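# Examination of the molecular architecture
Chain residues, written in single-letter form:
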Amino acid sequence: MINGIKLAPSILAADFARLGEQVRECEAAGADYIHVDVMDGRFVPVISLGLPVVEAIRRSTDLVLDIHLMIVEPEKHVGSFIDAGGDIINVHVEAATHLHRIVQQVQGRDRKAGVCLNPGTPVSAVEQVLPEVDQVMVMSVNPGASGQRFIESALPKVRRLRRMIDEAGLRAEIEVDGGVGPETAPRCAAAGANVLVAASAVFNANGTVAQNIGRLRASLERVERGA
Ligand code: DX5
Ligand code: ZN
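Residues numbered from 1 in each chain as written. Chains lettered and ligands numbered in written order. Predicted model: local features only at pLDDT ≥ 70, side-chain atom pairs only at ≥ 80, totals over all residues. Heavy atoms only, no water.

## A short note on the side chain of Lys-157
Locating Lys-157 in the fold gives a position in helix α6 (residues 154-167). One buried charged residue, Lys-157, remains without a salt bridge, the closest side chain of opposite sign being Glu-94 at 6.8 Å. Among residues more than four places away in sequence, those in contact with Lys-157 are Leu-117, Asn-118, Pro-119, Thr-121, Val-123 and Val-138. (Helix = DSSP H or I, 4+ residues; strand = E, 2+ residues; numbered from the N terminus. Buried < 20%, exposed > 50% of the residue type's maximum accessible area, 1.4 Å probe, protein only. Lys, Arg positive; Asp, Glu negative; His and termini not counted. Salt bridge = Lys/Arg side-chain N within 4 Å of Asp/Glu carboxyl O. Contact = heavy atoms within 4.5 Å.)

Below is the structure:
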């Protein structure tokens, strides 16, 4: 945690042949969560990974596992991802017909419930469940792949959510996912986000995981809220 901001490396851009090692590198570098992107080839075009991989990550770290379900009919699978070791279960509002029920389902198992907004989905889509949820994820790319460009319209959404949450005294954390790197991370934090997901900014050929997480932390050192 730096300046109240949590870092959540997404393993989507990691070397899957040595996944445990990569997760431990994140842990050693001070990551707060491990973000796990689950894609079903239906909600998003590609299939990424599923339960056995989540179980393997669970065995290699004690960090909070932040499970991002980019899948249709999430209510059918949240229980299995909790059994596999998920700590925060995030579902897309666009995929959930009974969003409130899913939030209850997750919290009924003593896990944290997050709700995710695609870039084209307005903040109003989560307004009604905002008092209940533990986290709102603002997508700053269209879900489906790492390494995409940050979509600027995510920032006003974060500001709006921050205002709504603070004014009502709610507990929901605000996570930004997609295109987060040393240039965009401080801007997300200044807008009011407090959990930042990063895949390609953490796992790349420019540096080690520790160096890359170091760059992200450095970028967050002088963030002023409300900028
Ligand atoms: C996108 C995933 C993101 C992705 C982020 O569908 O939800 O978590 O891994 O990748 P970067 O940080 O490279 O944009
Ligand atoms: Zn994600």
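## Thoughts on unusual backbone geometry
For Asn-3, which is not glycine, the phi torsion reads 55 degrees and is therefore positive. Looking at Asn-3, the relative accessible area reads 44%, which means it is partly exposed. Of note in this structure, Glu-73 is not a glycine but carries a positive phi near 45 degrees. Relative to the assigned elements, Glu-73 resides in the loop between β3 (64-70) and α3 (78-83). Exposure remark for Glu-73: the relative accessible area of 35% places this residue in the partly exposed category.

## Topic: the sheet that holds β3
What the eight strands build is an open sheet, ordered β1-β8-β7-β6-β5-β4-β3-β2; its pairing is parallel. Either end of the sheet is taken by a strand with one partner, and the two such strands are β1 (6-9) and β2 (33-39). Each adjacent strand pair in this sheet contributes to an overall mean axis angle of 25 degrees, direction not counted. As defined by bridge partners, strand β6 (residues 135-139) adjoins strand β7 (residues 173-177) across five bridges and the pair is classed as parallel. When the sheet's bridge partners are listed, Met-139 is paired in β7 with Asp-177. Contacts between helix α2 (residues 51-60) and the sheet are confined to β2 and β3, with β3 contributing the most and set at about 165 degrees to the helix. Strands β5 (112-117), β6 and β7 of the sheet are contacted by α6, whose axis makes an angle of about 165 degrees with β6. (Pairing = 2+ DSSP bridges. Axes fitted to C-alpha atoms, helices over the stretch in contact; angles between N-to-C directions.)

## Structural notes on helix α1 (residues 19-28)
Considered for burial, the residues of α1 that qualify are Leu-19, Gln-22, Val-23 and Cys-26. Buried residues in α1, looked at end-on, bunch into an arc of 100 degrees, giving them a common side. Immediately beyond the C-terminal end of α1, within one or two residues, lies Gly-30, with a positive phi of roughly 95 degrees. (Arc of directions from axis to C-beta.)

Read these as layout, nothing more, since geometry by itself doesn't imply function.
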